[in-house]
Amino acid sequence: MDILVTAGPTREHLDPVRFLSNRSTGKMGFAIAQAAAERGHAVTLVAGPVSLPTPPGVTRVDVVSARDLLAAVERLLPAHAALVMCAAVADWRPAAASARKLKKAEMRPVLALEPNPDILRTVRPLKGGRLFVGFAAETGDPLAEARRKLADKGLDLIVANDVSQPDAGFAVDTNRVTFLTAEEHAPVALPLQSKLDVGRALVAWLERRAAAAPHSASQASPETA
Ligand code: CTP
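Conventions and cut-offs
Residues numbered from 1 in each chain as written. Predicted model: local features only at pLDDT ≥ 70, side-chain atom pairs only at ≥ 80, totals over all residues. Heavy atoms only, no water. Helix = DSSP H or I, 4+ residues; strand = E, 2+ residues; numbered from the N terminus. Rg over C-alpha atoms; globule rule 2.2 N^0.38 Å. Buried < 20%, exposed > 50% of the residue type's maximum accessible area, 1.4 Å probe, protein only. Contact = heavy atoms within 4.5 Å. Areas by Shrake-Rupley, 256 points an atom, 1.4 Å probe, with all protein chains shown as cover. Lys, Arg positive; Asp, Glu negative; His and termini not counted. Charge placed at Lys NZ, Arg CZ, Asp CG, Glu CD. Near = heavy atom within 4 Å. Polar contact = N/O pair within 3.5 Å; in protein donor to acceptor, adjacent residues only side chain to side chain. Nonpolar A, V, L, I, M, F, W, Y, C, P; charged D, E, K, R; others polar. Core = buried A, V, L, I, M, F, W, Y, C linked by side-chain atoms within 4.5 Å. Pairing = 2+ DSSP bridges. Right-handed = clockwise from strand over helix to strand, strands pointing away.

J.: So what's going on with the overall build of the chain? Which residues, and what values?
T.: Secondary structure summary: the chain contains five helices and 14 strands in total. Over its C-alpha atoms the chain spans a radius of gyration of 18 Å, differing by no more than 12% from the 17 Å that the globule rule assigns to 225 residues. In terms of overall dimensions, the chain has C-alpha extents of about 60 × 40 × 35 Å along its principal axes. Expressed as a percentage of the 225 residues in the chain, the buried residues total 46%. Of the contacts formed within the chain by residues at least 6 apart in sequence, a portion of 62% connects residues at least 24 apart. Within the structure as shown, the chain displays about 10,900 Å² of accessible surface, and the carbon and sulfur contribution to it stands at 55%. Distance from the positive charge centre (27 side chains) to the negative charge centre (24 side chains) of the chain: 6 Å.

J.: How would you summarise the environment of T139 if you had to cite specific residues and measurements?
T.: Structurally, the position occupied by T139 is in the loop between β9 (131-138) and α4 (143-152). The sequence separation of T139 and S164 amounts to 25 residues, and the corresponding C-alpha distance is 5.1 Å. Residues in contact with T139, not counting those within four places in the same chain, are D162, V163 and S164.

J.: How would you sum up the site of the ligand? Please name residues and give values.
T.: Around the ligand, a shell composed of 13 residues is seen, among which M85, A87, F135, K149 and K153 lie nearest. Within the backbone of P117, a nitrogen or oxygen atom sits 3.0 Å from a nitrogen atom of the ligand. K153 has a polar side-chain atom sitting 2.7 Å from an oxygen atom of the ligand. Protein contacts shield 77% of the accessible area of the ligand, which totals 570 Å² for the unbound molecule. Elements supplying a minimum of two residues to the shell around the ligand: α3 (119-123), β9 and α4. Per-class residue counts for the shell around the ligand are seven nonpolar, one polar and five charged.

J.: Could you give an account of the nonpolar core, with specific residues and numbers?
T.: In this structure, I32, V84, V133, F135, F179, L202 and L206 are the most contacted members of the largest nonpolar core, which totals 32 residues. Secondary structure elements with two or more residues in this core: β1 (2-7), α1 (27-38), β4 (42-47), β6 (82-85), β9, β10 (157-162), β12 (177-181) and α5 (195-212). Here this core gets eight residues from one element, more than from any other, and that element is α1. Ignoring anything within four residues of it in the chain, the contact list for F179 reads L157, I158, V159, P187, V188, L190, A201, L202 and W205.

J.: I'd like to hear about the pairing of β10, residue by residue, with values.
T.: The element β10 is largely enclosed, with a buried count of six among its six residues. Relative to β10, β9 runs parallel, the two sharing six bridges. Within β10, the position partnered with G134 by the bridge is I158. Considered for its hand, the β-α-β crossover made up of β9, α4 and β10 is right-handed. When β10 meets β12, the two strands line up antiparallel, connected through five bridges.

Right, here's the structure in full:
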C-alpha cells in the first residue's frame with residue numbers, strides 16, 4: 001500500500017528568526033513511517049522541522065508551515081491509498097510576516113493572528129476510497145474530543161492520546177493510545193508501549209481495513225478517487 005504520513009510540528013514565522021509552534025518532536029509520525037516501511041509499504045513522510053533521521057526506505061519531504069504542509073499533502077495524496085495525519089499543525093499564524101528580522105521597537109505587545117487551513121477538512125473531497133487516519137492529542141480524557149473529530153473530519157480511524165501523562169506525550173519514546181473507528185462503537189485501548197509498537201498496531205489496522213475493502217483503499221488512484 002502507498003501510505004502518506006505527516007509528522008512533527010509546523011512553524012509559523014513572524015520573521016526569519018521568530019515563529020509560533022508547538023512541542024511536537026515528530027517521534028510518533030516517524031515511528032509510523034518506520035513501521036509501515038518495515039512491512040514493505042511504500043511510505044512518503046511529510047515532516048515539519050524536527051531533528052530525527054529518516055527511517056530506512058522512507059521518502060521524506062520537509063515542510064515548515066501549515067500552508068506548506070497542505071500543499072505537500074494535496075500534491076502527494078493522489079498517489080497514496082492512505083493518509084495518516086500525525087503532524088501537530090499550528091492552527092494559527094501571524095497575520096503579517098516580515099522578510100527581515102523585526103526590531104524590538106517595531107513590534108507590538110499583541111500579535112495579530114489568522115487561521116491556518118484545516119488540512120484534513122481541506123483534502124476531504126479527495127478522499128475517495130482512501131483510508132484517512134487522524135490523531136487527537138488532548139490534555140485530560142481524550143475520548144469525547146476524539147469522537148467529535150472523527151466525525152467532523154470524516155476519518156476512518158482516530159488515535160486518541162492524553163499528552164498530559166509523562167509517559168505518553170511529547171518527546172518520549174512510549175505512548176498509550178486508544179483507537180476509535182467510524183464503524184465500531186467500542187474504543188480499543190492499547191497498553192503503554194513504544195511509539196514504534198503503536199506504529200505497528202496502526203499499520204496492522206490499515207492492512208486489515210485495506211484487505212476488507214480491496215477495491216477501495218488498496219486501489220485508490222487519481223482516476224478512482
Ligand atoms: N489537523 C489538520 N489541520 C489542522 C489542524 C489539525 O489536518 N489545521 C489534523 C491533525 O493532524 C490531527 C487532527 O487534525 O490528525 C486533530 O488535530 P487537533 O489539533 O487535535 O485538532 P483541531 O482540529 O486543531 O482541534 P482543537 O484545536 O479544537 O482541539
